Amino acid sequence: MPDSVPPGVSAGHRSGPARGRGPTRSALALALLVPPLVGACVDAVGGSGSGWGLLVGGVAGAAASAVLGVRRKALSWVAPLPALVVAALAAAVHLLTGPSSSGGKSTSTDLIRWAVAAFPAMAAAECTVLAVLAVLGLQSLRSRRRDHA
């Protein structure tokens with residue numbers, strides 16, 4: 001029997017990678033998380049708070065996850081996540097490197113400064129997702145026109 005399933009494993013839960021489905025969810029998660037995490041670590045080591053490292057990492061992670069998300073047809077959960085990942089990492093960098101609230105500043109002032117500092121990286125990550133989707137959409141349209149011509 002060529003399509004036999006080992007005992008104890010249902011046909012729907014075969015081991016091994018799924019064929020024809022593209023990258024796995026873990027590959028998507030790594031593509032989304034690792035570049036901004038590396039950028040945030042660079043910023044934390046530099047002690048400057050959220051900066052260029054997080055911005056570049058966020059853009060790289062957003063681009064990689066968008067490309068992989070298109071291949072896996074998982075854009076519904078990949079598209080909104082880059083900004084959230086960047087925001088969470090920016091908050092972590094702020095907590096690690098930012099000035100403490102004990103200097104007379106209120107917590108709300110710290111939160112406003114953090115949000116203002118994180119916004120450019122969050123916006124760049126989401127704009128990258130949109131740019132990747134636009135490029136991939138144009139490529140798809142061109143290939144369809146060539147196929148019909």
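So, here's what we can say about the structure.

Definitions and limits used
Residue positions are given per chain, counted from 1 along the sequence in the order it is written. With the structure being a predicted model, the display of local features is reserved for residues of pLDDT at least 70 and the display and counting of side-chain atom pairs for 80 or more, all residues being used for whole-chain, interface and lining totals. Based on all heavy atoms of the structure, the side-chain values leave hydrogens and waters out of the count. Note on conventions: DSSP H or I runs of at least 4 residues are helices, E runs of at least 2 residues are strands, and numbering of each starts at the N terminus. Burial status follows relative accessibility: with a 1.4 Å probe on protein chains alone, a residue under 20% of its type maximum counts as buried, one over 50% as exposed, and anything between as partly exposed. By the convention used here, residues are in contact when the closest approach between their heavy atoms is within 4.5 Å. Expected span of a helix, by definition, is 1.5 Å for each gap between consecutive residues, and there is one gap fewer than residues.

1. Notes on the environment of V85
Moving on, step 1. Looking at where V85 falls in the secondary structure, it is placed in helix α4 (residues 81-97).
Moving on, step 2. A relative accessible area of 11% places V85 in the buried class.
Moving on, step 3. Taking the C-alpha atoms as reference points, V85 and M122, separated by 37 residues in sequence, lie 8.4 Å from one another.
Moving on, step 4. Residues in contact with V85, not counting those within four places in the same chain, are L32, L33 and P36.

2. Remarks on the environment of A74
Moving on, step 1. Relative to the helices and strands, A74 resides in the loop between α2 (52-72) and α3 (75-78).
Moving on, step 2. The buried category is assigned to A74, whose relative accessible area is 6%.
Moving on, step 3. Between the C-alpha atoms of A74 and R25, which are 49 residues apart in sequence, the distance is 8.8 Å.
Moving on, step 4. Among residues more than four places away in sequence, those in contact with A74 are L28 and G69.

3. Things to note about helix α1 (residues 25-46)
Three or four residues apart is the spacing at which side chains of an α-helix point the same way, because the helix has 3.6 residues per turn.
Moving on, step 1. Over its 22 residues, α1 extends 32 Å from the first C-alpha to the last, a length consistent with the 32 Å expected when each residue adds 1.5 Å.
Moving on, step 2. Those residues of α1 not exposed but buried are L28, A31, L32, P36, G39, A40 and D43.
Moving on, step 3. The secondary structure elements touched by the buried residues of α1 are α2, α3 and α4.
Moving on, step 4. Directly after α1, the chain includes G47, whose backbone phi takes a positive value near 75°.

4. Here's the deal with the environment of G53
Moving on, step 1. Here G53 is to be found in helix α2.
Moving on, step 2. The class of G53 is buried, set by a relative accessible area of 17%.
Moving on, step 3. For G53 and P36, which are 17 residues apart along the polypeptide, the C-alpha to C-alpha distance reads 7.7 Å.
Moving on, step 4. Not counting chain neighbours up to four residues away, the residues in contact with G53 comprise G39, A40 and D43.

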